[in-house]
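Here are the chains, one letter per residue:
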Amino acid sequence: MAVTIEAEAPEAKKVPVHQPVARIALIGNPNSGKTSLFNQLTGLNQKVGNFPGVTVDKKTGISHLTPQLKAQIIDLPGSYSLYPKSLDERVIIDLLYDPVLKNRPDLVIVTADASNLKRNLLLFTQLADLRIPAVLALNMMDVAETEGVKIDVEALQRDLGVPVIPMNARKGIGIAALKILVSQQLSATEVAFFEVPANLRPMVDQIKERFSLNNDYLALHYAHQYKHLRFLSEEDKVWVAQLLEAQGFKSTTEQANETIARYVRINEVLLDAVRVEKAKEEEKFSNKLDQILTHRVYGYLIFMGLLFLVFQAVFAWASYPMDLIDEGIAALNSLIQANFNGPLINLLTEGVIAGLGGVLIFIPQIAILFAFIAILEETGYMARVTFMMDKIMRKFGLNGKSVVPLISGVACAVPAVMSARTIENWKDRMITIFVTPLMSCSARIPVYTVLIALVVPEVYYLGFMNLQGIVLMGLYLLGFLSAILSALLLKVLLKARERSYFIMEFPVYRMPRWKNVGLTIFEKSRTFVLEAGKIIVAVSIILWVLASYGPGDSFERAEERAVAEAEVKGLGEEQTNNLISSYQLESSYAGKFGHAIEPAIRPLGYDWKIGIALLTSFAAREVFVGTISTIYSIGEEENVTTIKDKLMSEKDADGNPFFTPARAFSLLIFYAFAMQCISTLAIVRRETKSWMWPLAQLVYMTGLAYVSAFAVFQLMS
Amino acid sequence: MQYRGTACILQLFINSLNKRREIVRNRIQKSQDQKSVRDLKIGESGEISSLNDPEMALKLLEMGCIPGAEVKLNSKAPFGDPVTIIVNDYTLSLRLDEAETILLK
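The present account deals with the structure reproduced in this document. Note that this is a predicted model, so its numbers are computed, not measured. (Residues numbered from 1 in each chain as written. Chains lettered and ligands numbered in written order. Predicted model: local features only at pLDDT ≥ 70, side-chain atom pairs only at ≥ 80, totals over all residues.)

### Topic: the overall build of chain B
Right, on to step 1. What chain B contains, in helices and strands, is three helices and five strands.
Right, on to step 2. Ordered by position in the sequence, the α and β elements of chain B form the string α-β-α-β-β-β-α-β.
Right, on to step 3. Burial status across chain B gives 32% buried among its 105 residues.
Right, on to step 4. Nonlocal contacts in chain B, meaning residues at least 24 apart in sequence, comprise 51% of its contacts between residues at least 6 apart. (Helix = DSSP H or I, 4+ residues; strand = E, 2+ residues; numbered from the N terminus. Buried ≥ 20, exposed ≤ 12 C-beta atoms within 10 Å, placed from the backbone. Contact = placed C-beta atoms within 7 Å.)

### Points about unusual backbone geometry
Right, on to step 1. Here B:Asp81 and B:Pro82 are connected by a cis peptide whose omega angle stands at -5°.
Right, on to step 2. In this structure, B:Pro82 sits in the loop between strand S2 (70-76) and strand S3 (83-87).
Right, on to step 3. Although it is not a glycine, A:Met140 sits at a positive phi angle of roughly 60°.
Right, on to step 4. Topologically, A:Met140 is positioned in the loop between strand S6 (134-139) and helix H5 (141-146).

### Quick notes on helix H25 (residues 573-587) of chain A
Side chains that are three or four residues apart share a direction in an α-helix, a result of its 3.6 residues per turn.
Residue and element names in this part refer to chain A.
Right, on to step 1. Over its 15 residues, H25 extends 21 Å from the first C-alpha to the last, a length consistent with the 21 Å expected when each residue adds 1.5 Å.
Right, on to step 2. Within H25 the residues assigned to the buried category are Asn578, Leu579, Ile580, Ser581, Ser582, Tyr583, Gln584, Leu585, Glu586 and Ser587.
Right, on to step 3. Buried residues belonging to H25 abut helix H23 (514-548), helix H24 (554-569), helix H26 (589-601), helix H27 (608-616) and helix H28 (623-631). (Expected span 1.5 Å × (residues − 1).)

### Some remarks on the interface of chain A and chain B
Right, on to step 1. Chain A puts 37 residues into the contact, and the matching count from chain B is 31 residues.
Right, on to step 2. Those elements that place two or more of their residues in the side of chain A that touches chain B are helix H4 (117-129), helix H11 (251-273), helix H17 (381-394), helix H22 (467-493), strand S12 (504-505) and helix H32 (692-716) of chain A.
Right, on to step 3. Tallying contributions element by element places H11(A) first for the side of chain A that touches chain B, with six residues.
Right, on to step 4. Class assignment of the residues belonging to the side of chain A that touches chain B gives a composition of 20 nonpolar, eight polar and nine charged.
Right, on to step 5. With two bridges joining them, S12(A) and strand S4 (residues 90-94) of chain B adopt antiparallel strand pairing. (Nonpolar A, V, L, I, M, F, W, Y, C, P; charged D, E, K, R; others polar. Pairing = 2+ DSSP bridges.)

### Thoughts on the sheet that holds strand S5 (residues 102-104) of chain B
Right, on to step 1. In space, the six strands of this open sheet follow the order S12(A)-S4(B)-S3(B)-S2(B)-S1(B)-S5(B), with antiparallel pairing throughout. The outermost strands of the open sheet, each flanked by one partner alone, are S12 of chain A together with S5 of chain B.
Right, on to step 2. Direction of pairing for strand S1 (residues 45-51) of chain B relative to S5(B): antiparallel, over a ladder of three bridges. Bridge pairing in S5(B) links B:Ile48 to B:Leu104.

### Points about the nonpolar core
Right, on to step 1. A:Val110, A:Leu136, A:Ala137, A:Leu138, A:Val414, A:Leu668 and B:Cys65 are the most contacted members of the largest nonpolar core, which has 194 residues in total.
Right, on to step 2. The biggest single contributor to this core is helix H30 (residues 661-673) of chain A, with nine residues.
Right, on to step 3. In terms of nonpolar packing, the next biggest core, distinct from the first, is built from nine residues, A:Met203, A:Val204, A:Leu220 and A:Tyr222 among them. (Core = buried A, V, L, I, M, F, W, Y, C linked by C-beta atoms within 7 Å.)

### Remarks on the pairing of strand S3 (residues 57-66) of chain A
Residue and element names in this part refer to chain A.
Right, on to step 1. Relative to strand S4 (residues 69-75), S3 runs antiparallel, the two sharing seven bridges. Along S4, the bridge assignment pairs Thr60 with Ile74.
Right, on to step 2. If you look at the hairpin formed by S3 and S4, you'll find two residues sitting between the two strands.

### Quick look at the packing of H11(A) against helix H2 (residues 54-62) of chain B
Between two packed helices, what matters for the description is the angle formed by their axes and the separation of those axes.
Right, on to step 1. The contact between H11(A) and H2(B) brings their axes to 10 Å, and the two run at 20°. Between H11(A) and H2(B), the angle is such that the two are roughly parallel. Here the hand of the crossing between H11(A) and H2(B) comes out left-handed. Only B:Pro54, B:Glu55, B:Ala57, B:Leu58, B:Leu61 and B:Glu62 of H2(B) make contact with H11(A), whose side of the interface consists of A:Thr252, A:Gln255, A:Ala256, A:Thr259 and A:Ile260. (Axes fitted to C-alpha atoms, helices over the stretch in contact; angles between N-to-C directions. Parallel < 35°, antiparallel > 145°, perpendicular 65-115°, else oblique. Left-handed = near helix turned anticlockwise from the far one by under 90°.)

### Quick look at H27(A)
Right, on to step 1. Buried residues dominate H27(A), accounting for nine of its nine residues.
Right, on to step 2. Buried residues of H27(A): A:Trp608, A:Lys609, A:Ile610, A:Gly611, A:Ile612, A:Ala613, A:Leu614, A:Leu615 and A:Thr616, and no others.

### Describing the pairing of S2(B)
All names here are of chain B.
Right, on to step 1. Pairing of S1 with S2, which is carried by three bridges, proceeds in the antiparallel orientation. The partner of Ser45 across the bridge, within S2, is Lys72.
Right, on to step 2. Pairing analysis gives five bridges linking S2 to S3, with the strands arranged antiparallel. The partner of Ser75 across the bridge, within S3, is Thr84.
Right, on to step 3. What sits between the antiparallel neighbours S2 and S3 is a turn of six residues, in which Gly80 has the positive phi angle 85°.

### Examining the environment of A:Phe285
Right, on to step 1. On the secondary structure map, A:Phe285 appears in helix H12 (residues 285-293).
Right, on to step 2. Sequence separation of A:Phe285 and A:Ala562 is 277 residues, and the distance between their C-alpha atoms is 75 Å.

So, in structure tokens, the structure goes:
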């Protein structure tokens, strides 16, 4: 079955007719260097889209095989066989078995770890039996060599019936040869690795006839996987189910037999083509390192140390570029405002540009966190973290891999939710994403600081334990406890979509590939800006409009009222301006909203002024402080002491201080739990590809916040 | 209302612990029948005879745990679970209840 490389219809417009675009799929075991090869082939010409209907990223890229010939490269999820064990792996069969021939790839490049050929060849033999034109990229030849594995490429080529390219994708060795090879027209192998057993023949023949297939093995896969094949109609599925029933087909047994038969066959091939020369070394370097890195004491200490470093980096180092972005946006805004005027300019500066600033500000944190995560993944350390934490996390419906998102959540939930990608199991991943925003993030700190300073005296115990510090720590602990208890609740409520496996390859330690690290950072930042960014900017603009405009001439009247009052009190220019802003905010739509929700928040001890702050800080929690400053006409004051003094002097209707401990603690608890962050909602929407999850989070967290704040206020007052 | 919620969560947790105990009891009974990877000591090896969980078996087979292959218990996580095993010269990590399905000769 020779394959002619044909131009795809939509691409044909862009490229001249004599430059056809071939579609090449990359497929291979996890840890077989597939990502490195993809990066080598495509460089920055990558695009992340979606596979239809599932939440799996589809990475595609354009590679210039020869100066005249381009190819579209599709990176498929790592898999051990064509029988998918996870939702991710199902996209492979969706693509390869697509009944529309032109949707299938013209060629597959199978990556295999040369130092571990036996298991890597299992997937290859399945693809070969489907008669898909294939090339075997024998990756990691250097590792194989140091381990004394000698591969006779000629013999392997002969036994497998396809071209075999020894290579080292990390260093780019063999890429040129691979490109030249795949630019030629290749045919599928003639070698068969597995014959459909005689007792299954009648069934296979019937399936072939009904679906007009010409490949026995493909027909067998229809029998095994008909339930998951997206292109089969309900009617087809019923037909297959009845056929299997009639034939007494046992999918599990047949699959097990097939796998064993394939291994027998692979052993024959390897006997011919591979020799292991070096006697077994005493102990691998990786194993020695593991004795320290997964040690019951040092293992956790080292992990804690690393977490501390990551946390420091995301928290402290990121603040420099974040300040730069902040100042840059402010400078740009004042430059525009100094030169232009009018309501549209206000919309541009305070609405659009400020909203954009709110998106860009996250990039340093995302970039730094993903730099660390990529390095930990690349070196193989992440597998050890999972290994050490799994038993503890499993108790709470989480997974060893949930540790990183949860801890990162203390800095910022946005990159933390994105980092939950590494969790393969759907249920574990959803639980992790759901509870991560309960961890107290850095945006809560300004709110905490102001409120704690207001009601908690600065007392020291034992000379060093600051009471304010203890309260702050208590709030972090509260966040952590609510996160794991919510996880426990979800563990019971949520139904698993697939069986949870922990079985995974324990990779050997390796140096990180910096190109892959760089591309991960670039990719994650871009995804955030493009996907979550639009939602954040849109909501920021809406909130800005609500806070800047009021019905009718209410703004003018608010200004007149403020000016009149200022004259009576004999206030200076700056104080008068602060009073005007305060009255204007009160008469804005946001102010109306504050008044409207006052009955609902009164049981928590809040008034309409706090109601306004709750609305405006929905964009981001730290906005609370700014809004409170405006509404209490404090002005553009960042100093905690000034805000504190002003708030302290605020009186309620009876002339008593408004900010009692009960009110302040009620607010603290509210901000600890409430989902006051559109960026997080936007990124959860992006990561779960559904509005259901962010909405459920919003309702759950706000509900939890409301109930808890209510309890605190009622108990304390 | 808050209190009820906490009590409910606590009850769920206790239930899950009880369920665990039941599983452990069953396991003790099972282990008297046949030796599995679970029963190996660190550094000890055995030969795989069969895999007794059909669904898990498919995954294990793909990863190279074929009957007849030699399997060595390489290490255990700090709390005894999960473990790592060496099959065909490479290391796999798996949970104890997964290791238990790999029966030895």
